[in-house]
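Analysis of the macromolecular model
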Amino acid sequence: MTSTPPTPGPKLLEERSLGGILIHFLAIPTGVVGAGILYLLATDEFTKRNARNALDWHLTVLLITAITFGSVLTYAELTGQGITDVSILPSSVSTVAGIVTSALLMLWFAVTAWTFAVGLIAMVKAIFGTAWRYPFSLALVERFGSHINLSDRWPLVILGYIVLSPLLIWAVFFASANDAIVILSAFGLLGLILGLTPLTGIAMYRHGKEHWLQDADQQSHVFAHVGLPILVAAIGYVVSWSFTQSVSPQGDAMYVFLAAFWISSIVYLIRWWTTSSE
């Protein structure tokens, strides 16, 4: 019986990447957003595999979170403890639903604590050159990732941001004062900030690098589409903090960034469209 000789140290170092090691630690506080961003940006195979494993786990956690808190909100509404203040569940059903909801909450707390443990274990495994798959994670990216090819659809992602962004902002400021609408608008704004905006930045970078900005100097211009909105937001924060009576300069800066990034997205598509049509 022969054994496989261990990988020599120098060769092992070549097979690893800093991103593949750190993604597990960074994904603990950033969740799906952090793991997803690195997964979409990664070109190194070791980084890609580690980001995929982290993303699969955090998507699993997100699914459990959605089921748990969706159940909590539904239970509260049906038992008269929510917005409607009307109880429609019989007491026997309400008791069973309460037990199920409590069990889901305990599961969510356990999964949250487990995230810290498996994230650190995966990081240590990556240091030694192994892309470790998190126990109990659903193979969502591994199973469905190959069927989702965004390579030729990045402009559609940017266009989607351009269309959806003002609608979500409008919903926050001008939609009905109904409590349910306010909650949905808040979740929509959160999704815009944490999900769609980073994805649009990735779309600009990947699309520009892979399709129409072949020159290195031109590719550097893509960073301006994100960097300039950040600079404008910083100026907006200083102005809000120094010259206005705003109670939330940070919030003002965020809205300034979203407005500037929206304009930047439009400029990017116009640049691409006019260049590709020449």
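Residues numbered from 1 in each chain as written. Predicted model: local features only at pLDDT ≥ 70, side-chain atom pairs only at ≥ 80, totals over all residues. Heavy atoms only, no water.

**Observations regarding the packing of aromatic side chains**
Formally: In this analysis, rings of Phe, Tyr and Trp, with Trp reduced to its six-membered ring, are considered paired at centre separations within 6.5 Å, and the interplanar angle assigns stacked below 30 degrees, edge-to-face beyond 60, and tilted for intermediate values. Helix and strand definitions here come from DSSP, where helices need a minimum of 4 consecutive H or I residues and strands a minimum of 2 consecutive E residues; each element is numbered from the N-terminal end. Classification of residues uses two cut-offs on accessible area relative to the type maximum, computed with a 1.4 Å probe and protein chains only: under 20% is buried, over 50% is exposed, and between them is partly exposed. In this analysis the charged atom, NZ for Lys or CZ for Arg, is taken to sit over a ring once it is within 6 Å of the ring centre and within 35 degrees of the ring normal.
Here the structure, examined in full by the defined rule, presents 8 aromatic pairs. When the ring of Y161 is compared with that of F261, the centres are 5.3 Å apart and the planes differ by 75°; the resulting orientation is edge-to-face. Of the two residues, Y161 is situated in helix 6 (residues 154-174) and F261 in helix 9 (residues 249-276); the sequence distance between them amounts to 100 residues. Here Y161 matches F261 in class, with each residue buried. Taken together, the ring pairs connect W57, W132 and Y134 into an aromatic cluster. Here the basic side chain of K48 rests over the ring of Y39, its NZ or CZ set 4.2 Å away from the ring centre.

**Some thoughts on the packing of helix 2 (residues 18-41) against helix 3 (residues 45-78)**
We count it as follows: The convention used is that axes are lines fitted to C-alpha atoms, helices contributing only their stretch in contact, and that angles between N-to-C directions extend from 0 to 180 degrees. An angle below 35 degrees is read as roughly parallel, one above 145 as roughly antiparallel, one from 65 to 115 as roughly perpendicular, and any other as oblique. Crossing chirality is assigned from the near helix's rotation relative to the far helix, an anticlockwise turn below a right angle marking it left-handed and a clockwise turn marking it right-handed. Three categories are distinguished: nonpolar for Ala, Val, Leu, Ile, Met, Phe, Trp, Tyr, Cys and Pro, charged for Asp, Glu, Lys and Arg, and polar for the others, with Gly belonging to the last.
Where helix 2 meets helix 3, the closest approach of the two axes is 8 Å, and the angle between their N-to-C directions is 55°. Looking at the two axes, helix 2 sits oblique to helix 3. The chirality of how helix 2 crosses helix 3 is right-handed. The class makeup of the residues in the contact of helix 2 with helix 3 is 15 nonpolar, 8 polar and 2 charged.

**Quick look at the side chain of N53**
As a reminder of what qualifies: Whenever two N or O atoms come within 3.5 Å, that pair is a polar contact, provided that in protein one can donate a hydrogen and the other can accept it, and provided that, for residues adjacent in sequence, both atoms are side-chain atoms.
As for its position among the elements, N53 is in helix 3. You can call N53 buried: its relative accessible area is 1%. There is a polar contact of 3.4 Å between the side chain of N53 and the backbone oxygen of A131.

**Thoughts on the nonpolar core**
Just so we agree on the cut-off: Nonpolar cores are built from buried Ala, Val, Leu, Ile, Met, Phe, Trp, Tyr and Cys residues. Side-chain atoms within 4.5 Å join them into one set. Any two residues whose heavy atoms approach within 4.5 Å are treated as being in contact.
Within the largest apolar cluster, 19 residues are counted, with the highest numbers of intra-cluster contacts made by I158, Y161, L192, M204 and L258. Taken together, the elements giving at least two residues each to this core come down to helix 6, helix 7 (179-212), helix 8 (216-243) and helix 9. Discounting chain neighbours no more than four positions away, the residues touching Y161 are P166, L192, L196, T197, T200, L258, F261, W262 and S265. Listed in part, the 17 residues of the second largest apolar core include A27, W57, I64 and Y134.

**Considerations on a nonpolar patch on the surface**
Threshold: Patch building starts from residues that exceed 30% relative accessible area and form no salt bridge, then joins like charges within 9 Å and nonpolar side chains (Val, Leu, Ile, Met, Phe, Trp, Tyr) within 5 Å. Residue exposure ignores everything except the shown protein chains as possible cover, and the areas themselves are Shrake-Rupley values with a 1.4 Å probe. By definition, a salt bridge exists where a carboxyl oxygen of Asp or Glu is found within 4 Å of a side-chain nitrogen of Lys or Arg.
Taken together, the side chains of L18, L22, F25, L26 and L120 define a hydrophobic patch exposed on the protein surface, amounting to about 470 Å² of accessible area. For the nonpolar patch, the leading source of residues is helix 2, giving 4 residues. Assignment of secondary structure puts L120 in helix 4 (residues 91-127). Judged by relative accessible area, which is 41%, L120 ranks as partly exposed.

**Quick look at the side chain of T197**
With respect to the secondary-structure elements, T197 resides in helix 7. Here T197 falls in the buried class, since its relative accessible area comes to 7%. Polar side-chain contacts of T197 include one of 2.7 Å to the backbone oxygen of L192. Every residue in contact with T197, bar those within four places of it in the chain, is listed here: Y161, L192, F257, L258 and F261.

**Some details on the layout of surface pockets**
Threshold: Residues are said to line a cavity or pocket when one of their atoms sits within 4 Å of a point; the points come from a 1 Å grid over protein atoms alone, cavities being sets where a 1.4 Å probe fits but cannot get out and pockets being open sets with protein on both sides within 12 Å along at least five of seven lines. Grid points are joined across faces, edges and corners, and a volume is the space filled by probe spheres set on the points.
By volume, the second largest pocket amounts to about 180 Å³. Around the second largest pocket sit L41, T197, G201, I202, M204, Y205, V222, F223, V226, I230, F257 and F261, which together line it. Sorting the residues of the lining of the second largest pocket by element identifies helix 7, helix 8 and helix 9 as the ones contributing at least two each. In terms of residue count, helix 7 provides more of the lining of the second largest pocket than any other element does, 5 residues in total. Across the lining of the second largest pocket, the residue classes tally to 10 nonpolar, 2 polar and no charged.

**Quick word on helix 4**
Residues that lie three or four places apart on an α-helix share one face, since the helix turns once every 3.6 residues. Convention followed: Expected span of a helix: the number of residues minus one, times 1.5 Å.
For helix 4, spanning 37 residues, the distance from its first C-alpha to its last is 54 Å, which sits close to the expected 54 Å at 1.5 Å a residue. All buried positions along helix 4 are accounted for by S94, G98, T101, L104, W108, V111, T115, V118, G119, A122, M123 and A126. In this structure, the buried side of helix 4 is in contact with helix 2 and helix 3. A positive backbone phi angle near 90° is found at G129, which sits one or two residues after helix 4.

**Quick notes on the pattern of salt bridges**
One pass over the structure, following the stated rule, counts 2 salt bridges. Salt-bridge contacts for E45 lead to R49; the nearest nitrogen and oxygen are separated by 3.8 Å. On the criterion of helical spacing, the pair formed by E45 and R49 is a turn pair, its members being 4 residues apart in helix 3. Taking relative accessible area as the criterion, R49 reaches 29% and is therefore assigned partly exposed. With a closest N to O distance of 3.1 Å, R133 and D56 form a salt bridge. Of this pair, R133 sits in the loop between helix 4 and helix 5 (140-144) while D56 sits in helix 3; the two residues are 77 residues apart in sequence, bridging distant segments of the chain. Classification of R133 as partly exposed rests on a relative accessible area of 28%.

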